[in-house]
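Here are the chains, one letter per residue:
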Amino acid sequence: MFKRPSNRQFNEMRVIKLESQVSPYAEGSCMVKYGNTHVLCTASVDNKLPPWLRNSGKGWITAEYGMLPRSTHSRMDREVTKGKPSGRTQEIQRLIGRSLRSIIDLEKLGEIQIKIDCDVIQADGGTRTASITGAWVALYEAINFLLKSGKIVENPIFDQVGAISCGILDNQGIIDLDYQEDSTAETDGNFVMTANNGIVEIQTTAEEKPFNKKQFLILLELAENGTNDIFEIQKKALNLD
């Protein structure tokens, strides 16, 4: 009988918790926990746009991502001491930024930039998916700040975005992989989806042997069900509905 190392059911996510308004200084913030993966997400309003966007009438959403030195079992050096972010960090930052820009009308934002910071405090797999989910909550709070302060007149956010990992372990599709599962899975993937049934990005890789269409559709269904639950958790964190 199939058994996950985490003892969860194949379609059972870790306990996911989102706590908003955790930073007294940021315009938006969220502490997101996917089990033992903990990420602090903050959103900062910046009136200065990148040069290539100035006088365009459009705003911008960008993201930075980083892992604290003891977020993992052994200490890692801060990337600032190495002089530049790693390729992995750059890829995750771009993914977070793309995910958030997919659900916001940049023209309604006006010439305002919002910078999202995702700092991994504790890592146990799924840091990029947790970051995207928490970043949406922080972004929503920052938009509320802009609305209340009169800097924008209409909410530019038109959808929710969240993310979850799925993979194949011992030929069984599973959802929300922790580090132990991710490190031994035959296939692992990250699914970024919207509440209106949109797909922003799917990153799925076969580690040992190719997976087939049937297996992929199983992972997609797991991701759809998982992100639907995440969207409800996001709304609860913001007292929506």
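Shown above is the structure to which this text applies.
Every value quoted in this text rests on a predicted model; they were computed, and no experiment measured them.

> Help me understand the overall build of the chain in this model?
From N to C terminus, the chain includes six helices and nine strands. A compact globule built from 241 residues would reach a C-alpha radius of gyration of about 18 Å, and the chain, at 18 Å, matches this within 12%. In terms of its C-alpha atoms, the chain occupies a principal-axis envelope of roughly 60 × 40 × 30 Å. In the chain, buried positions account for 49% of the 241 residues. Sequence-distant contacts in the chain: of pairs separated by 6 or more residues, those separated by 24 or more amount to 70%. Separation of charge centres in the chain, based on 28 positive and 32 negative side chains, amounts to 4 Å.

> Is there a simple way to think about the sheet that holds strand β5 (residues 113-122) in this case?
The pairing of strands in a sheet comes from backbone hydrogen bonds and takes either a parallel or an antiparallel form. Read from one edge to the other, the open sheet built from five strands follows the order β1-β2-β3-β5-β4, with strand pairing classed as mixed. Since the sheet does not close on itself, it has two edges, and those belong to β1 (16-20) and β4 (60-67), each with one partner. For this sheet the average axis-to-axis angle between neighbouring strands, irrespective of direction, equals 15°. Bridging between strand β2 (residues 28-34) and strand β3 (residues 37-46) involves seven bridges; their strand directions are antiparallel. If you follow S29 over to β3, its bridge partner there is T42. Sitting on the sheet, helix α2 (residues 87-101) is in contact with β4 and β5, with an inclination near 145° to β4. Docked against the sheet, helix α4 (residues 127-148) engages β1, β2, β3, β4 and β5, running at close to 35° with respect to β3.

> Quick question: what am I supposed to make of the sheet that holds strand β6 (residues 161-169) here?
Sheet architecture is open: four strands sit in the order β7-β6-β8-β9, paired in antiparallel fashion. Pairing within the sheet leaves two strands with one partner each, and these edge strands are β7 (172-175) and β9 (199-206). This sheet shows a mean twist of 20° between the axes of neighbouring strands, independent of strand direction. In the packing of α4 onto the sheet, the strands contacted are β6, β8 (187-194) and β9, and the crossing angle to β6 comes to about 160°. In the packing of helix α6 (residues 213-237) onto the sheet, contacts are made with β6, β7, β8 and β9, and the angle to β6 comes to roughly 145°.

> Could you clarify how one ought to interpret the layout of surface pockets in this entry?
Over the atoms rolls a probe the size of a water molecule, and its path tells where empty space is left. In this structure, the largest pocket encloses a volume near 900 Å³. Looking at the largest pocket, it is lined by 36 residues, and the ones nearest its centre are Y65, M67, R88, T89 and T127. The residue inventory of the lining of the largest pocket, partitioned by class, reads eleven nonpolar, twelve polar and 13 charged. Estimated volume of the second largest pocket: approximately 230 Å³. Considering the residues around the second largest pocket, the lining is formed by 14 residues, among which Q21, E141, N144, K148 and L238 are closest to the centre. For the lining of the second largest pocket, the secondary-structure elements that each account for two or more residues are β2 and α4. With five residues, the top contributor of residues to the lining of the second largest pocket is α4. Tallied by class, residues from the lining of the second largest pocket come to five nonpolar, six polar and three charged.

> Explain the pairing of β5 to me, please; I cannot follow it from the model alone.
Side-chain direction in a regular strand flips from residue to residue, so the side chains alternate between the two faces of the sheet. Note that β3 and β5 share nine bridges and pair antiparallel. Along β5, the bridge assignment pairs V45 with I114.

> What's the story with the pattern of salt bridges in this structure? I'm lost.
Any two side chains of opposite charge can pair, on the condition that their charged atoms come close. By the definition in use, this model includes nine salt bridges. E181 is the salt-bridge partner of R4, the closest N and O atoms lying 2.9 Å from each other. Of this pair, R4 sits in the segment before β1 while E181 sits in helix α5 (residues 179-184), placing them 177 residues apart in sequence. One salt bridge in this structure joins R75 and D77, with 2.8 Å as the shortest N-O distance. Via salt bridges that share partners, R4, R8 and E181 belong to a single interconnected network.

Conventions adopted
- Residues numbered from 1 in each chain as written.
- Predicted model: local features only at pLDDT ≥ 70, side-chain atom pairs only at ≥ 80, totals over all residues.
- Heavy atoms only, no water.
- Helix = DSSP H or I, 4+ residues; strand = E, 2+ residues; numbered from the N terminus.
- Rg over C-alpha atoms; globule rule 2.2 N^0.38 Å.
- Buried < 20%, exposed > 50% of the residue type's maximum accessible area, 1.4 Å probe, protein only.
- Contact = heavy atoms within 4.5 Å.
- Lys, Arg positive; Asp, Glu negative; His and termini not counted.
- Charge placed at Lys NZ, Arg CZ, Asp CG, Glu CD.
- Pairing = 2+ DSSP bridges.
- Axes fitted to C-alpha atoms, helices over the stretch in contact; angles between N-to-C directions.
- 1 Å grid on protein atoms, 1.4 Å probe; cavity = no way out; pocket = protein on both sides within 12 Å on 5 of 7 lines; lining within 4 Å.
- Points joined across faces, edges and corners; volume = space filled by probe spheres on them.
- Nonpolar A, V, L, I, M, F, W, Y, C, P; charged D, E, K, R; others polar.
- Salt bridge = Lys/Arg side-chain N within 4 Å of Asp/Glu carboxyl O.

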